[in-house]
Amino acid sequence: MKRIITLQDISCVGRCSITVALPILSAMGVECGILPTAVLSTHTMFKTFTCKDLTDQIEPISDAWEKEGITFDGIYTGYLASGDQCHQVCQFFDRFGTGDNLILVDPAMADNGKLYAAFDNAFPSEMAKVCAKADIILPNITEACLLTGIPYRTEYGPDYIRSLMEKLLELGCKTAVLTGVSYQPGQLGVAYLDRSGKEFSYFTRRCPQSFHGTGDLYSSTVLGGLMRGMDLGDALALAADFVVICIEATAASKSARWYGVEFESQIPRLCEMVEERLKNV
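Given the structure is predicted, the values throughout are model-derived calculations rather than measurements. Residue positions are given per chain, counted from 1 along the sequence in the order it is written. Restriction of local features to residues with pLDDT of at least 70 applies here, the model being predicted, together with a cutoff of 80 or more for giving and counting side-chain atom pairs; totals for whole chains, interfaces and linings are based on all residues. Each side-chain value is worked out from all heavy atoms of the structure, with water and hydrogens disregarded.

(A) Just the overall build of the protein, in detail. The helix and strand inventory of the protein stands at 9 helices and 11 strands. Just to be clear, the radius of gyration here is over C-alpha atoms, and the globule rule we use is 2.2 Å times residues to the power 0.38. In terms of overall size, the protein behaves like a compact globule, its C-alpha atoms giving a radius of gyration of 18 Å where 281 residues would be expected to give roughly 19 Å. If one aligns the C-alpha atoms of the protein with their principal axes, the spans along those axes are about 50 × 45 × 40 Å. Working definition: with a 1.4 Å probe on protein chains only, accessible area under 20% of the residue-type maximum means buried, over 50% means exposed, and in between means partly exposed. Of all 281 residues assigned to the protein, the portion counted as buried reaches 53%. In the protein, 24 positive and 34 negative side-chain charges are present, and the distance between their average locations comes to 4 Å. For helices the rule is a DSSP run of H or I covering at least 4 residues; for strands it is a run of E covering at least 2, with both sets numbered from the N terminus onward. Neither His nor the chain ends is counted toward charge; the positive residues are Lys and Arg and the negative residues Asp and Glu. Charge placement uses NZ in Lys and CZ in Arg. For Asp and Glu, CG and CD serve respectively.

(B) Up close: the sheet that holds strand β5 (residues 102–105). Here, strands pair whenever DSSP counts at least two bridges between them. Ordered in space as β3-β2-β1-β4-β5-β8-β9-β10-β11, the 9 strands form an open sheet in which the pairing is mixed. Only two strands of the sheet have a single partner each, and these edge strands are β3 (51–53) and β11 (199–205). Of the strands in this sheet, β1 (3–13), β2 (31–42) and β3 are in contact with helix α2 (residues 55–68), which crosses β2 at around 160°. Note on definitions: a residue-residue contact is assigned when non-hydrogen atoms from the two residues lie within 4.5 Å. For helices, the fitted line uses only the C-alpha atoms of the stretch in contact; every axis is such a line through C-alpha atoms, and the angle between N-to-C directions lies from 0 to 180 degrees. Across the sheet, helix α6 (residues 158–169) lies against β8 (136–137), β9 (175–181), β10 (187–194) and β11, angled at about 145° from β9, the strand it touches most.

(C) Representation of helix α8 (residues 232–252). Here the expected span of a helix is defined as 1.5 Å times the quantity of residues minus one. Here α8 is 21 residues long and its end C-alpha atoms lie 30 Å apart, about the 30 Å a rise of 1.5 Å per residue gives. Of all 21 residues that make up α8, 16 are buried, and the element is covered over most of its length. Residues adjacent in sequence count toward polar contacts only when both atoms are side-chain atoms; beyond that, a polar contact is any pair of N or O atoms within 3.5 Å, and within protein one must be able to donate a hydrogen and the other to accept it. Of the residues flanking the start of α8, the one acting as N-cap is D231, its side-chain oxygen 3.3 Å from the backbone nitrogen of G233.

(D) Region of the structure containing the environment of S26. Along the chain, S26 turns up in helix α1 (residues 18–27). In this structure the C-alpha to C-alpha distance between S26 and D106, which are 80 residues apart in sequence, comes to 19 Å.

Everything listed is a geometric property; what it means functionally is a separate question.
Written as structure tokens, this is what we have:
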């Protein structure tokens, strides 16, 4: 069984970050270790929340793992709370990256043309340093624009998406994946470009609803697919299909919570989807 480590926050209630990554990866047959960067009572869309920053714990936990000889088949980062955490994550990559394990970065910092309110304008340049060390990065279009300096657009064609991916590769990552790509109404998908020039895109139906945590759900499912032996295109397609299933299930559920996507009820379906795809691997 593959073992990965994810570095991101714990929102104790809210269906995001580690509380998504841990059950999804476990269900997919991957051991998921955690290195929490902060503990929040809820995610920040709640009116009232607490936050305990754990930046000072990243190094001692890393020291303990290094002394124990613990290694990982994959390293996965999500929401990072500060430039200092970005710096420490880069150091973690240097310590635990082997060249054979996979480093996947979801630069969760913005959406809909705007940087999250918790970050200042200097943060994207710090996140770019994290992306530079990754094998695969998965920004949305807003995040890609902030990482590259390319102006954000809501109307675009394939040339714009290609230019964003090319610019992302210049950061230093091996493969740039763009999420939230759409060329026509009713369609939403993903595209990637790697250093060899290989391109890929996959589209699903666009759901009219939007729920918190779908980005974490997507990235976690992608990593799970990769750890189970799928190629990147298959893992991206699996994740896209599963997120749509979860959004539609949440929209149809009478017990759905406003604060996050209801993925738990769909985990059995995810397991079926994984096994179906693995028959062709």
